[in-house]
Amino acid sequence: MEERTRASAKTREGFVVSSAMDKTVVVAVKRTVRHSRYRKYLKTSTKYLAHDERNECSVGDRVVITESRPLSKRKRWRLQTIVERAVRDLPEVVEIA
């Protein structure tokens, strides 16, 4: 009997554009596509809903997401790693003179 192997899950890298939902982030993945007729390269982006179990992402983080089983109506991706954290504005230090 043949043993079937599962294909490896797809991965995408993008930026978190929203983290307002509980355990869910919206990740925008940008790519370039060549137009079929005019042969010009166009920039397009796709938004994916990804599962963030520990709510550790925030807006602006660069993340890697991986394909998974359906988790809800539109959520089919999971957060794999946070590649780079977004730069946060530090609170201003007031000097007392």
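Scroll up to find the structure.
1. Remarks on unusual backbone geometry
Phi is positive for Lys-23, close to 60 degrees, though the residue is something other than glycine. In this fold, Lys-23 is placed in the loop between strand E1 (11–18) and strand E2 (24–34). Its relative accessible area of 31% is what places Lys-23 among the partly exposed residues.

2. A word on the environment of Val-64
Among the secondary structure elements, Val-64 is positioned in strand E4 (residues 62–67). Exposure remark for Val-64: the relative accessible area of 14% places this residue in the buried category. Residues Val-64 and Leu-79 lie 15 residues apart in sequence; the distance between their C-alpha atoms is 6.4 Å. Discounting residues that sit within four places of it in the chain, Val-64 has contacts with Thr-11, Arg-12, Glu-13, Arg-78, Leu-79, Gln-80, Thr-81 and Val-83.

3. Observations regarding the pattern of salt bridges
Taken as a whole and judged by the stated rule, the model has 5 salt bridges. Ionic pairing is found between Arg-54 and Glu-56, a salt bridge with its closest N-O pair at 3.6 Å. For Glu-56, a relative accessible area of 31% translates into the label partly exposed. Linking Arg-88 and Asp-61 is a salt bridge whose minimum nitrogen-to-oxygen distance equals 3.6 Å. Highlighted residues: Arg-88 in the segment after strand E5 (75–84) and Asp-61 in the loop between strand E3 (41–51) and E4, separated in sequence by 27 residues.

Cut-offs applied
- Residues numbered from 1 in each chain as written.
- Predicted model: local features only at pLDDT ≥ 70, side-chain atom pairs only at ≥ 80, totals over all residues.
- Heavy atoms only, no water.
- Helix = DSSP H or I, 4+ residues; strand = E, 2+ residues; numbered from the N terminus.
- Buried < 20%, exposed > 50% of the residue type's maximum accessible area, 1.4 Å probe, protein only.
- Contact = heavy atoms within 4.5 Å.
- Salt bridge = Lys/Arg side-chain N within 4 Å of Asp/Glu carboxyl O.

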